[in-house]
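In case you want the letters, here they are:
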Amino acid sequence: MTTSIQKVTTKAELKKFIRFNYELYKNNPYSVPDLYDDMLNTFNPKKNAAFEFCEADYFLAYRGDEIVGRVAAIINHRANKTWNKKEVRFGWIDFIDEEEVSAALLDAVAKWGKERGMEAMVGPLGFTDMDAEGMLVEGYDQLGTMATIYNYSYYPEHMEQLGFEKEADWVEYKLTVPHQLPDKFVRISEIILQKYKLKIKKLKRGDIKKGNYGQKIFDLINEAYAPLFGYSQMTQGQIDQYVKMYLPLIDLRMVSLVEDEEGNLVAVGIAMPSLSVALQKAKGKMLPFGWYYLLKALFIKRPRILDLLLVGVKPEYQSKGVNALLFYDLVPIFQQMGFEYGESNPELELNKKVQAQWSAFESVQHKRRRAYKKMI
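To start, this report covers the structure provided alongside it. If you're wondering where the values come from, they're calculated on a predicted model, not measured in any experiment.

Criteria and cut-off values
- Residues numbered from 1 in each chain as written.
- Predicted model: local features only at pLDDT ≥ 70, side-chain atom pairs only at ≥ 80, totals over all residues.
- Heavy atoms only, no water.
- Core = buried A, V, L, I, M, F, W, Y, C linked by side-chain atoms within 4.5 Å.
- Buried < 20%, exposed > 50% of the residue type's maximum accessible area, 1.4 Å probe, protein only.
- Helix = DSSP H or I, 4+ residues; strand = E, 2+ residues; numbered from the N terminus.
- Contact = heavy atoms within 4.5 Å.
- Pairing = 2+ DSSP bridges.
- Polar contact = N/O pair within 3.5 Å; in protein donor to acceptor, adjacent residues only side chain to side chain.
- Salt bridge = Lys/Arg side-chain N within 4 Å of Asp/Glu carboxyl O.

## Here's the deal with the nonpolar core
For soluble globular proteins, nonpolar side chains are generally found buried alongside one another.
Then, number 1: Core analysis: the biggest nonpolar cluster contains 55 residues, and F17, F43, Y58, F90 and F127 have the highest contact counts within it.
Then, number 2: Sorting the residues of this core by element identifies α1 (11-24), α2 (36-42), β2 (54-63), β3 (66-76), β4 (87-95), α4 (99-115), β6 (135-138) and α5 (154-161) as the ones contributing at least two each.
Then, number 3: Here the element with the most residues in this core is α4; it accounts for eight residues.
Then, number 4: Ignoring sequence-local partners within four residues, the contact set of Y58 consists of Q6, K7, V8, L14, F17, F43, F51, V71, A72 and F127.

Here's what the structure looks like:
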């Protein structure tokens, strides 16, 4: 049966776009579903601040009346200007194991991009780096995280058959929380604190607003991540959105800040209990019981695994061991809270500075994901 592509034009079709992923990965033990309401907000120009500098359309693939694939076509004008490129992104791509379907979806993105003056297509990428990115190419038997994409092993096979080539890879590590920090690690951390006249800051809930720490954290992330693949600086609208959305959920014990002697923020590390299993139980819905599973994982009966959400160091302090201070502070807290393992989440494979920080842990690379590119 012939595959047809239809652009999403109604809220009902957008709901089908979101739900296709749930159906394709129903009962898959490794896939972690997004929350349905979060996805509605992500794709809504009135709710997602990224639309200040992005434009997007969404497409569904049909065979008869059956949906067999989906894809988002996105242009991040801010990133294109920063990196001097003319690229259309494809994101939230899912499809059955039929090359005709994947080809039709990607052809729709290519046509949409060319109509807007783009010269290449790259993905899977979201609107910005705050969205999940990269197609899984290793680690199909590993549980995903809430910040990443899970896909079947046939996806990259389709990409290669369709002429796409590797543009960038991210790697992920599973980390064992040590029973005790090595003495050498402790000594080095204390030397770094003294040498650069730094101090570790632990936040209290009132500090976030009073000291404007939400703004400070995301300003630092903007500065630290600026050289990374495809990164576009977060706007004030995005920062306000993320502060409101994420900081109330964070256990402040799992936030580590490093400041200089004038109180300027130079490094940040943020972790939280893994919500992967809770999200699987919620099946993408907060009601009737999804909220309970999430709150239980966050505050009542924490899982053994934690997610390292953000690690950022001011550029002038990189390669000076400042990363170690974050774990000098956090590892004893992880121990006290009963965590046994951590998920690093994606790191660019060429970012050796970041990967070097796992020296305090027993670690194994267990996932790899890829951004593909093709001229159009």
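## Examining the pairing of β2
Then, number 1: Counting buried positions along β2 yields nine of 10 residues, so the element is predominantly enclosed.
Then, number 2: Pairing of strand β1 (residues 4-7) with β2, which is carried by four bridges, proceeds in the antiparallel orientation. Bridge pairing in β2 links K7 to F59.
Then, number 3: Across 10 bridges, β2 lies against β3 in antiparallel orientation. Across the sheet, Y62 pairs through a bridge with I67, a residue of β3.
Then, number 4: Between β2 and β3, which pair antiparallel one after the other, the connecting turn spans two residues, and G64 there sits at a positive phi close to 65°.

## Let's talk about the side chain of S256
Then, number 1: Structurally, S256 is set in strand β9 (residues 255-259).
Then, number 2: Within the structure, S256 has its side chain in polar contact with the side chain of D329 (distance 2.8 Å).
Then, number 3: In this structure, S256 is in contact with I200, K201, K202, A267, V268, G269, L325, L326, D329 and L330, ignoring residues within four places of it in sequence.

## Concerning the pattern of salt bridges
Then, number 1: Within the structure shown, the criterion is met by 24 salt bridges.
Then, number 2: Notably, a salt bridge pairs D169 with K166, separated by 3.7 Å at the nearest N-O pair.
Then, number 3: Taking the relative accessible area as the measure of exposure, K166 reaches 43% and is therefore partly exposed.

## Side note on the environment of Q365
Then, number 1: Counting through the fold element by element, Q365 comes out in strand β14 (residues 362-375).
Then, number 2: By relative accessible area, Q365 is classed as partly exposed at 33%.
Then, number 3: The sequence separation of Q365 and E138 amounts to 227 residues, and the corresponding C-alpha distance is 9.8 Å.
Then, number 4: Here Q365 is in contact with E138, V171, E172 and Y173, once residues within four sequence places are set aside.

## Some remarks on the environment of D57
Then, number 1: By secondary structure assignment, the location of D57 is in strand β2.
Then, number 2: C-alpha of D57 to C-alpha of A72: the two residues are 15 residues apart in sequence and 5.9 Å apart in space.
Then, number 3: Every residue in contact with D57, bar those within four places of it in the chain, is listed here: K7, V71, A72, A73, W112 and R116.
Then, number 4: Within the structure, the side chain of D57 is placed 2.8 Å from the side chain of W112, a separation counted as a polar contact.

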